[in-house]
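Residue-level structural notes
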Amino acid sequence: MTAKRSSEFDPDQPFRAAMRDAIALQWAAVWKAMPEVIAGEDPEAVHKMRVASRRLRAAMDVATDCFPRKWYRPLHKTAKAVTRALGDVRDRDVQLAELAGERERASDTERPGIDYLIAGIRRDRKKARKAMIRFLDRLDADGIPKRTKRRFPRPKGGAKKSRRATEVDS
Amino acid sequence: MSRSLPLPPLDPEASLAANARRVLAVRVDELFSYAPVIPDADASEALHDARIAAKRLRYTLELFSSVYGDEGERAIERLKELQEDLGQLHDHDVRIALIDEKLSRLGDLPEAEADVVRPGLEALVERERRARAMAHAAVVKRWRTLERQKVLARLTALATEPPPG
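Read on for a plain summary of the structure. Just so it is clear, the structure is predicted and the values come from calculations on it, not from any experiment.

1. Some thoughts on the overall build of chain A
Scanning chain A for helices and strands turns up 5 helices and 0 strands. Within chain A, buried positions represent 51% of all 170 residues. Here the analysis covers contacts within chain A between residues at least 6 apart in sequence; of these, 74% occur between residues at least 24 apart. Split by element, the accessible area of chain A, about 8,800 Å² in all, is 48% carbon and sulfur.

2. Some thoughts on the environment of B:E13
Tracing the backbone shows B:E13 in the segment before α1 (16-32). Overall, the relative accessible area of 54% leaves B:E13 in the exposed class. Spatially, the C-alpha atoms of B:E13 and B:A53 are 27 Å apart, while their sequence positions differ by 40 residues. Among all residues touching B:E13, those that are not within four sequence positions of it are A:P14 and A:R16. Of note is the side chain of B:E13, whose polar atom sits 2.4 Å from the side chain of A:R16.

3. Brief notes about the interface of chain B and chain A
Taken together, the 44 residues of chain B in the interface contact 38 residues of chain A. Carbon and sulfur atoms supply 61% of the area buried between chain B and chain A, which totals about 3,500 Å² over both sides. It is B:P12, B:Y59 and B:L63 that lose the most area in chain B upon contact with chain A, and together they represent 17% of the buried surface on that side. Applying the counting criterion to the chain B and chain A interface returns 4 salt bridges. One salt bridge in this structure joins A:E110 and B:R127, with 3.1 Å as the shortest N-O distance.

4. Focus: the pattern of salt bridges
Per the counting criterion, the structure on display carries 26 salt bridges over all chains. B:R105 is the partner of B:E101 in a salt bridge, and the nearest nitrogen-oxygen pair spans 2.9 Å. Taking the relative accessible area as the measure of exposure, B:R105 reaches 46% and is therefore partly exposed. A salt bridge links B:R144 to B:E147; its shortest N-O distance comes to 3.2 Å. Of this pair, B:R144 and B:E147 both sit in helix α4 (residues 111-148), 3 residues apart, roughly one helical turn. Residue classification places B:E147 among the partly exposed residues on the basis of a relative accessible area of 41%. Overlapping salt bridges, with partners in common, bring together A:E98, A:E102, A:R105, A:E110 and B:R127 in one network.

5. Focus: a positive patch on the surface
A cluster of like positive charges, contributed by A:K126, A:K130, A:R134 and A:R138, occupies part of the molecular surface. You can see A:K126 is positioned in helix α4 (residues 111-141).

6. A closer look at unusual backbone geometry
All names here are of chain B. Even without a glycine there, the phi angle at K150 is positive, about 55 degrees. Note on placement: K150 falls in the loop between α4 and α5 (151-158). For K150, a relative accessible area of 55% corresponds to the exposed category.

7. Considering α5(B)
Residues and elements named next belong to chain B. Every buried residue belonging to α5 is among V151, L155 and L158, and all of these are buried. Relative to the axis of α5, the buried residues are bounded by an arc of 50 degrees and lie together on one face. Of the surrounding secondary structure, the elements contacted by the buried residues of α5 are α1, α2 (44-63), α3 (65-104) and α4.

8. Comments concerning the nonpolar core
By size, the foremost hydrophobic cluster in this structure holds 79 residues, and its most contacted members are A:M19, A:I23, A:F152 and B:F64. With 14 residues, the top contributor of residues to this core is helix α1 (residues 15-39) of chain A. Dropping the residues within four chain positions of it, B:F64 is found in contact with A:F15, A:M19, A:V62, B:L16, B:A20 and B:V23. If you look at the next biggest cluster of nonpolar residues, it comprises 17 residues, including A:A106, A:I114, A:L117 and A:I121.

9. Brief notes about helix α2 (residues 43-62) of chain A
All names here are of chain A. Helix length check: α2 (20 residues) gives 29 Å between terminal C-alpha atoms against 28 Å at 1.5 Å per residue, within 8%. Summarising burial for α2: 14 of the 20 residues are buried, a large majority. A side-chain oxygen of the first residue of α2 lies 3.0 Å from the backbone nitrogen of E44; this N-cap is D42.

10. Brief notes about the packing of aromatic side chains
This structure, assessed with the given rule, holds 10 aromatic pairs over all chains. On the numbers, 6.3 Å between centres and 40 degrees between planes, the contact of A:F15 with B:F64 is tilted. Pair noted here: A:F15 is in helix α1 and B:F64 is in the loop between α2 and α3, and the two residues belong to different chains. Given the relative accessible area of 0%, A:F15 is considered buried. Taking 5.6 Å as the distance between ring centres and 65 degrees as the angle between the ring planes, the aromatic pair formed by A:W71 and A:F152 counts as edge-to-face. With A:W71 in helix α3 (residues 69-105) and A:F152 in the segment after α5 (144-151), this pair connects stretches of sequence that are 81 residues apart. For the pair A:W71 and A:F152, one class covers both residues: buried.

Conventions used here
Residues numbered from 1 in each chain as written. Chains lettered and ligands numbered in written order. Predicted model: local features only at pLDDT ≥ 70, side-chain atom pairs only at ≥ 80, totals over all residues. Heavy atoms only, no water. Helix = DSSP H or I, 4+ residues; strand = E, 2+ residues; numbered from the N terminus. Buried < 20%, exposed > 50% of the residue type's maximum accessible area, 1.4 Å probe, protein only. Contact = heavy atoms within 4.5 Å. Areas by Shrake-Rupley, 256 points an atom, 1.4 Å probe, with all protein chains shown as cover. Polar contact = N/O pair within 3.5 Å; in protein donor to acceptor, adjacent residues only side chain to side chain. Buried area = accessible area lost by both parts, 1.4 Å probe. Salt bridge = Lys/Arg side-chain N within 4 Å of Asp/Glu carboxyl O. Patch = residues over 30% accessible without salt bridge, like charges linked within 9 Å, V, L, I, M, F, W, Y side chains within 5 Å. Lys, Arg positive; Asp, Glu negative; His and termini not counted. Charge placed at Lys NZ, Arg CZ, Asp CG, Glu CD. Arc of directions from axis to C-beta. Core = buried A, V, L, I, M, F, W, Y, C linked by side-chain atoms within 4.5 Å. Expected span 1.5 Å × (residues − 1). Phe/Tyr/Trp six-rings, centres within 6.5 Å; stacked < 30°, edge-to-face > 60°.

These results come straight from atomic positions and should not be treated as a statement about function.
Structure (C-alpha cells):
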C-alpha cells in the first residue's frame, strides 16, 4: 500500500488530523534514513536524513497548538537536535567536496596549503561523526522511534500519484 | 542563528487550508523582510538568515501543497533557485572564515611548515573572495527576478482567505 503523501491531504480536513499525518510521514522518513547514516560514510545518506529532519521541523513548528505540550515539546526538541547533529557532519562534507575540486585545479605550490585545510576539516568531521553516531544511538536506546510511532501513527494511504517529494516509501 | 517570526495562534479544529494560509502569510513576510539586506554584500549574517527564511517558506509550501495548488508549486521552484544561490554564497562565507582562521594560526606551526602551506591558503582565500562576490551578484540577480515575477504578490494572494460563499 502506498504511504500517504502531503500533497494528498484534504484541505478541508481538521488541521490537527492533517498535522498528525504530516508529522508521522516526516518522522518515518527520518527513521528510514537513519540506518544508512549509522552504517556508512556516504555523505548523501547524511544529507538525506538532514533534509528529512528539516521537513519534520517545518511540520512540528506549525503544529505546537495541536498537541499536548507535555509530550509534544520533548519530541519537537528532539527533531531540532537531529538536524543539529547531522548538520555538523554535513557542513564538513560540503566543504570537503568543494576543496577536492580546488585541490585538483591548484598548482603544486598551492596544494600543500589546501591539503592542510582538508586535513583539518577531516579531523573535525571525524569528531562530528562520532558525536552524531552517539546521539543517534541514544535516540534508539531512549525509545524515541517507538514513541514517535505511537504519538504519530502512519496514516493509511491511497493510490493517488504525488507531485511532492515527501514520500516515505512505495 | 535565525529565529522565525512568531506564528499567530492556529486552530487545531479549523481546516488545514485556513491554518495553512495563516502560516504562509508569516513565512512570506519573513522572507521578504530581508529585501533591504539582499544588495548588501557585507551582510553575511543577514544573508544567511535570508537563506533560512527561504528554506522555511519553501518547506511550508511543500508541507501544505494540497492547499496552494499549482501556484504554490511554481513558487517552490523559484524558491529552490534562490535557496541554491544563497547556499553557494553561504558556503563561500564559511570557507573564507575557515581559511582566515587557519592563516591567523600559522604561527602555531613550525616556520618551515607554515611557509609551505601559506601560499596555498592565501591563493585559495583570494579565489574564494572573488567567487563570493560573483555568488552575491547571482543572489541579487535572482532576487530581482523574483520581484519582476511578482512572487511576493502571488504568495500574498495565496495566503489570503478566499471570500465566503
